[in-house]
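# Descriptive analysis of the structure
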Amino acid sequence: MDEKQDTGANVEELRRLIDHHNYRYYALDQPEISDSEYDRLFAELVRLENENPELITPDSPTQRVGFAPIEKFLPFPHEMPLLSLENATTEKDVIEFEARIRRHLGYEGPIEYVAEPKMDGLAVEMVYENGVFSGAGTRGDGFTGEDVTVNVRTIRSVPLRLRAERRNPPLPARIAIRCEVFIEKKDFEALNETRARASEPLFANPRNAAAGSLRQLDPSVTATRPLRAFFYGVGVLEGRQFETQWETLNALKLWGLPVNPRSTICSSIGEAIDFYNQLAEEREKLPYEIDGMVIKVNRLDWQSELGEKSRSPRWAIAFKFNPDEAQTHVLDIRVQVGRTGILTPVAFLNPVLVGGVTVKRATLHNMDEIERKGICIGDAVMVHRAGDVIPEVSEVLKSRRTGDERPFRMPSACPSCGGEVVRLPDEAFHRCLNLNCPAQVKASIVHFASRDAMNIEGLGHKIVSRFIDENIISSVPDLYTLRKEDLEHLPGFGEKSASNLLDSIEGSKETTLSRFLHALGVSHVGSHLAELLASHFKSLDALRSASVAQLQEIAGIGEKVAYAVNSYFANPANSQLIDDLLSFGFRLKIPQPSGPVDGSFWMDKTVVFTGALSSLPRPEAARVVALRGARVTDSVSKNTDIVIAGKDPGAKLAKAEKLGVRIMNEEEFARMLDE
Ligand code: IVH
């Protein structure tokens with residue numbers, strides 16, 4: 001009995017911890033622990049709940065997934081309708097908005113407003129009963145939406161229970177909270193990238209991606225989508241009252257619901273307009289898309305007094321930004337050859353201003369995508385862009401066709417080298433198979449030299465193109481054999497620019513392991529994964545010899561990436577390339593450990609010794625690794641992280657090999673102790 005009670009308390013404590021870290025991560029954007037530490041807590045909770053299923057509760061953080069697909073969405077009636085907002089496009093509109101408010105209230109004194117970024121996602125209402133999440137519905141026609149409860153459960157930023165801390169406003173018996181569900185720009189790009197590779201239809205913009213992801217009949221699909229939510233208002237509220245919008249937002253935040261941190265209280269309409277101008281400047285840099293700013297009268301008693309017109313409240317207005325979509329024409333479609341030989345069709349557009357930037361091109365991704373959207377040369381189209389996201393054709397205006405439009409066909413010969421173009425089975429892409437194709441070589445050198453990789457200043461596309469076309473270099477390693485004499489005679493290349501370039505090439509040898517990895521251009525390995533790999537393996541040699549299983553042990557590395565990395569290093573041509581590069585004397589710095597959690601390579605590793613070590617006795621070796629945070633055990637299992645093999649190793653070595661456990665010889669062991 002006692003033991004059961006202990007387990008119950010442990011489970012509760014783990015849930016509290018996990019909820020707390022979710023709150024730090026999603027609501028406050030201030031995580032306190034690493035992702036792997038979080039994963040460990042989560043795994044422990046899953047284990048305890050599996051062993052004690054009677055302890056599972058619906059608000060446990062483990063209960064987000066695992067709901068069966070549904071056949072259709074049930075209606076979700078809103079007890080209070082979800083209204084829409086009147087739009088303002090100019091300052092004059094906003095000033096008139098305040099004048100109407102003043103007339104209605106018969107009031108001349110100061111009015112406070114709350115200004116909130118207008119998230120470009122979809123409106124969802126979530127209901128909590130006694131603090132526990134009980135249901136969610138889309139906006140629909142404002143009166144009845146669709147019941148997306150099981151899907152919303154999978155969104156990690158939506159708490160399954162509200163935080164009832166002592167200092168918090170008491171939890172209402174029942175509350176319907178309105179929020180915007182959205183996808184961040186970078187997550188949207190990654191999602192579309194994955195879909196393009198899998199020949200799946202792409203989403204035109206983050207809003208469509210969010211809506212499509214939430215409206216899935218199978219919640220396990222929604223669970224894989226990077227949905228987030230920001231909460232901004234309250235519908236039905238039983239058991240307590242708020243006085244202002246600002247107080248409402250603060251209560252939501254304290255209850256653990258993410259509230260947009262850019263929301264601001266303004267003491268006058270002028271301040272709100274200033275904030276709009278500031279927000280318009282920041283818009284590009286924000287991680288998510290916004291299409292304007294919502295201005296709300298702060299006092300709730302005034303809100304009730306103002307009431308609403310037919311479909312929108314008198315106390316709020318949406319002050320919109322320039323649209324991030326515009327209409328133009330596709331002048332031509334041409335293909336570009338990337339560093340992996342993939343042919344990407346690109347639409348050349350009649351230049352058009354979108355969100356303040358002139359757009360001349362938009363990526364069309366691949367042939368499937370062109371067919372799916374039905375894009376022809378000459379079509380009138382809508383183009384969408386946001387921040388750094390590559391502009392995309394979001395829609396073809398088929399009703400505007402004249403009959404002069406021409407379909408696009410993928411060329412059968414590479415436009416760069418004339419080589420054969422193929423589409424491999426299971427691939428969405430057409431590829432040029434010629435590894436020496438100049439376009440591929442150029443693109444891989446440009447990538448190698450780029451800012452996040454080797455950061456070789458002055459080596460952009462133009463110069464690289466010239467070097468290749470004029471036969472000055474033909475591969476990445478050739479960069480490191482360049483001499484002043486090779487460059488000086490080039491028209492437009494003075495002595496100064498030649499020596500600057502050579503200096504930055506020479507300087508690039510002093511770099512970090514993660515930059516070097518990123519520069520190699522292993523497929524799927526961008527700068528983030530390169531850092532992850534570098535900080536885990538801590539040496540190029542260790543990474544080069546890592547098995548698929550060892551790679552997959554790293555939190556954040558899945559099967560696909562593990563295979564890509566493993567097969568990259570297994571390819572003799574790549575090995576040769578790396579050896580050639582290393583022969584020029586690179587110094588690859590290893591990232592410093594980041595904190596006490598995974599401060600040491602040995603921290604939390606399960607280690608087994610086998611065979612005799614020549615440099616120190618086994619007990620001494622065990623003590624040394626234990627001091628660095630490792631657990632030393634006697635037998636090899638799938639939970640073993642490292643087997644250290646000395647002379648005449650026993651059966652443990654064979655078992656480790658069979659299980660794919662990382663094996664260290666004495667030399668490697670000594671090196672890792674020094675790390
Ligand atoms: S308040 C009664 N606040 O804009 C007012 N709406 O046209 C209800 N939206 O459907 C809306 N961010 O999807 C409000 N901070 C915000 C918002 C916001 C985005 C969306 C919402 C709504 C639409 C109104």
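Right above here is the structure, for reference.
For clarity, every value in this text was computed on a predicted model and none was experimentally measured.

About the thresholds
Residues numbered from 1 in each chain as written. Predicted model: local features only at pLDDT ≥ 70, side-chain atom pairs only at ≥ 80, totals over all residues. Heavy atoms only, no water. Helix = DSSP H or I, 4+ residues; strand = E, 2+ residues; numbered from the N terminus. Buried < 20%, exposed > 50% of the residue type's maximum accessible area, 1.4 Å probe, protein only. Areas by Shrake-Rupley, 256 points an atom, 1.4 Å probe, with all protein chains shown as cover. Lys, Arg positive; Asp, Glu negative; His and termini not counted. Charge placed at Lys NZ, Arg CZ, Asp CG, Glu CD. Core = buried A, V, L, I, M, F, W, Y, C linked by side-chain atoms within 4.5 Å. Contact = heavy atoms within 4.5 Å. Axes fitted to C-alpha atoms, helices over the stretch in contact; angles between N-to-C directions. Parallel < 35°, antiparallel > 145°, perpendicular 65-115°, else oblique. Left-handed = near helix turned anticlockwise from the far one by under 90°. Nonpolar A, V, L, I, M, F, W, Y, C, P; charged D, E, K, R; others polar. Polar contact = N/O pair within 3.5 Å; in protein donor to acceptor, adjacent residues only side chain to side chain. Pairing = 2+ DSSP bridges. Near = heavy atom within 4 Å.

Okay, the overall build of the protein chain next. In terms of helices and strands, the protein chain carries 24 helices and 24 strands. Residue burial in the protein chain is summarised as follows: out of 675 residues, 49% are buried. As presented, the protein chain carries roughly 32800 Å² of accessible surface, and 51% of it is formed by carbon and sulfur atoms. Charged side chains of the protein chain number 81 positive and 98 negative; the gap between the two group centres comes to 1 Å.

Here the focus is the nonpolar core. Of all hydrophobic cores here, the largest spans 52 residues; its most connected members are I456, L479 and L533. Contact partners of L533, with chain neighbours within four places excluded, come to L517, V525, K538, L543, L551, I554, I557 and V565. Within the second largest apolar cluster, 38 residues are counted, among which are F73, L160, A229 and V259.

Right, let's talk about the environment of S514 for a bit. Looking at the element boundaries, S514 is found in helix α16 (residues 513–520). Owing to a relative accessible area of 12%, S514 belongs among the buried residues under this scheme. Spatially, the C-alpha atoms of S514 and N205 are 31 Å apart, while their sequence positions differ by 309 residues. Setting aside its immediate chain neighbours within four residues, S514 contacts A530, E531 and A534.

Geometrically, a packed helix pair is captured by the angle between its two axes and the distance between the axes. Two elements in contact, helix α12 (residues 438–449) and helix α13 (residues 461–469), have axes whose closest approach is 9 Å; the angle formed by their N-to-C orientations is 135°. Between α12 and α13, the angle falls in the class oblique. The two elements α12 and α13 cross, and the hand of that crossing is right-handed. Between α12 and α13, the contacting residues are P438, V441, K442, I445 and V446 on the first element and H461, V464, S465, I468 and D469 on the second. In terms of residue class, the contact of α12 with α13 is made up of 6 nonpolar, 2 polar and 2 charged.

Let us look at the side chain of K296. Summarising the element assignment, K296 is placed in strand β10 (residues 290–297). A polar contact is formed between the side chain of K296 and the side chain of E116, at a distance of 2.8 Å.

With 5 bridges connecting them, strand β12 (residues 325–337) and strand β15 (residues 380–384) associate as antiparallel partners. If you follow E325 over to β15, its bridge partner there is H384. The pairing of β12 with strand β13 (residues 342–354) spans 7 bridges and is classified as antiparallel. Paired with V337 across the bridge in β13 is L343. Once β12 ends, the chain turns through 4 residues before running back antiparallel as β13, passing G341 with a positive phi of about 85°.

The next point concerns the site of the ligand. Surveying the vicinity of the ligand reveals 14 residues, the closest of which are E116, K118, M119, E180 and K296. E116 is positioned such that a nitrogen or oxygen atom in its side chain is 2.7 Å from a nitrogen atom of the ligand. At 2.5 Å from an oxygen atom of the ligand is found a side-chain nitrogen or oxygen belonging to E180. For the shell around the ligand, the elements supplying multiple residues, two or more each, are β3 (113–119) and β10. For the shell around the ligand, the per-class residue count stands at 8 nonpolar, 1 polar and 5 charged.

Within the element layout of this structure, R15 appears in helix α1 (residues 2–27). Only 3.3 Å separates the side chain of R15 from the side chain of S60, close enough to count as a polar contact. For R15, the contacting residues outside a window of four places in its chain are L45, E49, L55, I56, T57, S60, P61 and R161.

This part is about the sheet that holds β10. Think of a sheet as strands paired side by side through backbone hydrogen bonds, with each pair either parallel or antiparallel. On the basis of which strands lie adjacent, the open sheet formed by 5 strands has the order β2-β11-β10-β3-β9 and mixed pairing. Edge positions in the open sheet fall to β2 (87–88) and β9 (264–266), since each of these has one partner strand only. Note that β3 and β10 share 7 bridges and pair antiparallel. Residue P117 lies in a different strand from β10, and its bridge partner there is M293. Contacting β2, β3, β10 and β11 (316–320), helix α3 (residues 91–105) crosses the sheet at an angle of about 175° to β11. The strands touched by helix α8 (residues 245–254) are β3, β9 and β10; relative to β3, the strand with the most contacts, the crossing angle is about 55°.

With that settled, the discussion passes to the environment of P159. As for its position among the elements, P159 is in the loop between α4 (149–153) and β7 (174–183). Taking the relative accessible area as the measure of exposure, P159 reaches 12% and is therefore buried. Taking C-alpha positions, P159 is 51 Å from Q576, a pair spaced 417 residues apart along the chain. With sequence-adjacent residues up to four places away left out, P159 is seen in contact with R64, Y128, F133, G256, L257 and P258.

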